[in-house]
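Structural overview
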Amino acid sequence: MSYSNTSEENETMSPKSNGGFLVYLVPPSIFVCTLGTIWLLIDGWVSNFSSISTLWTIDKGHALPSIAVSLLFTQVGSVLGGALLAIVSFHRYQAIEKAFDKDHLWGFMFSPLLALIIGTLAFAIIQSGLVVLSGGLDAKDHYTATLGYLSIGGIAGYNWDVFIKKLKDLSKNIRAEENAV
């Protein structure tokens, strides 16, 4: 009588984590993305995104337009929201469900890009007036406004699937209005 399980028995007895060695790339990429985004957030508050101004060769005497700064805060918030979701999801799939596999890697690889797109669209939708938030953003108080845009981006980035559903609903409403005219 043998007490060892066959590989077939092992697969049925415990959930499989089949991410291979690539699973070890996910935590460092989340870490780097998160720290880089936090650094950019602080750069935005301290120097109004001077690091980006330098990349775009904008003279030190000139500042980024306020709309660009607000967009950047929304994008930063969205990437942070996406990073939070990535940490929670990675922990759930790897440690709790033990069901992480190679297909999950694509989601983690594209998460920062998805978050930037979501942040950009969320900003555009709010600025255009297609969606109105109760409470609004006080543009007179720079720091309150930056926190507002950061929060909106964070919520949209963390709940990107809900945001996409709302975007679909919004596009259906726009098409219905165009057809009615």
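These numbers were taken from a predicted model, which means no experiment stands behind them. (Residues numbered from 1 in each chain as written. Predicted model: local features only at pLDDT ≥ 70, side-chain atom pairs only at ≥ 80, totals over all residues. Heavy atoms only, no water.)

Details of the nonpolar core
Counting 11 residues, the largest nonpolar core is built from L41, F49, I52, L64, V69, L72, F73, V76, F123, Y149 and L150. Only α4 (66-96) and α6 (142-158) provide two or more residues apiece to this core. At four residues, α4 tops the list of elements feeding residues into this core. Among residues more than four places away in sequence, those in contact with F73 are L41, G44, W45, F49, T146, Y149 and L150. (Core = buried A, V, L, I, M, F, W, Y, C linked by side-chain atoms within 4.5 Å. Buried < 20%, exposed > 50% of the residue type's maximum accessible area, 1.4 Å probe, protein only. Helix = DSSP H or I, 4+ residues; strand = E, 2+ residues; numbered from the N terminus. Contact = heavy atoms within 4.5 Å.)

Looking at the pattern of salt bridges
Enumeration over the complete set of coordinates arrives at two salt bridges. A salt bridge links E97 to R92; the shortest N-O distance between them is 3.6 Å. Note on E97: relative accessible area 35%, which makes it partly exposed. For R92, a relative accessible area of 34% translates into the label partly exposed. Note that K165 is salt-bridged to D169, the shortest N-O span being 3.5 Å. Separated by four residues within a single helix, K165 and D169 lie in helix α7 (residues 160-180), roughly one turn from each other. With relative accessibility at 51%, the residue K165 sits in the exposed group. (Salt bridge = Lys/Arg side-chain N within 4 Å of Asp/Glu carboxyl O.)

Brief notes about the environment of G77
By the secondary structure assignment, G77 is in helix α4. The buried category is assigned to G77, whose relative accessible area is 2%. Placed 69 residues apart in sequence, G77 and T146 show a C-alpha to C-alpha distance of 9.7 Å. Those residues in contact with G77 that sit more than four places away from it in its chain are L150, G153 and G154.

Concerning the confidence of the model for the protein
Mean pLDDT over the protein: 83, with 85% of residues reaching 70 or higher. The element-level mean pLDDT for the protein is lowest in helix α1 (residues 7-13), coming to 42, with helix α2 (residues 26-47) highest at 94. Counting contacts from residues 1-15, a segment whose pLDDT is below 50, to residues more than four positions away or on other chains yields five contacts. (pLDDT = per-residue confidence, 0-100.)

Brief notes about the packing of aromatic side chains
Applying the stated criterion across every chain yields a total of seven aromatic pairs. Relative to F108, the ring of F100 has its centre 5.8 Å away and its plane inclined at 35 degrees; by these criteria the two rings are tilted. Relative accessible area serves as the criterion here: at 14%, F108 is assigned to the buried category. Between W106 and F110, the ring centres sit 6.0 Å apart and the planes meet at 15 degrees, which makes this aromatic pair stacked. With W106 and F110 both in helix α5 (residues 102-128), this residue pair falls four residues apart, about one helical turn. A cation over an aromatic ring shows up here: R92 above the ring of Y93, its NZ or CZ 4.4 Å from the ring centre. (Phe/Tyr/Trp six-rings, centres within 6.5 Å; stacked < 30°, edge-to-face > 60°. Lys NZ or Arg CZ within 6 Å of the ring centre and 35° of its normal.)

Here we look at the environment of L116
In this fold, L116 is placed in helix α5. Along the sequence, L116 and T74 sit 42 residues apart, while their C-alpha atoms lie 8.7 Å from each other. Beyond its immediate sequence surroundings of up to four residues, L116 is in contact with Q75 and V79.

Observations concerning the packing of α5 against α7
Two numbers describe how α5 lies on α7: the axes approach to 11 Å, and their chain directions differ by 45 degrees. In terms of orientation, α5 and α7 fall into the oblique class. Helix-helix and strand crossings are classified by hand; for α5 and α7 the assignment is left-handed. Listed contacts from α7 to L114, I118, L121, A122 and I125 of α5 are W160, F163, I164, L167 and L170. When the residues that make up the contact of α5 with α7 are grouped by side-chain class, the tally is 10 nonpolar, no polar and no charged. (Axes fitted to C-alpha atoms, helices over the stretch in contact; angles between N-to-C directions. Parallel < 35°, antiparallel > 145°, perpendicular 65-115°, else oblique. Left-handed = near helix turned anticlockwise from the far one by under 90°. Nonpolar A, V, L, I, M, F, W, Y, C, P; charged D, E, K, R; others polar.)

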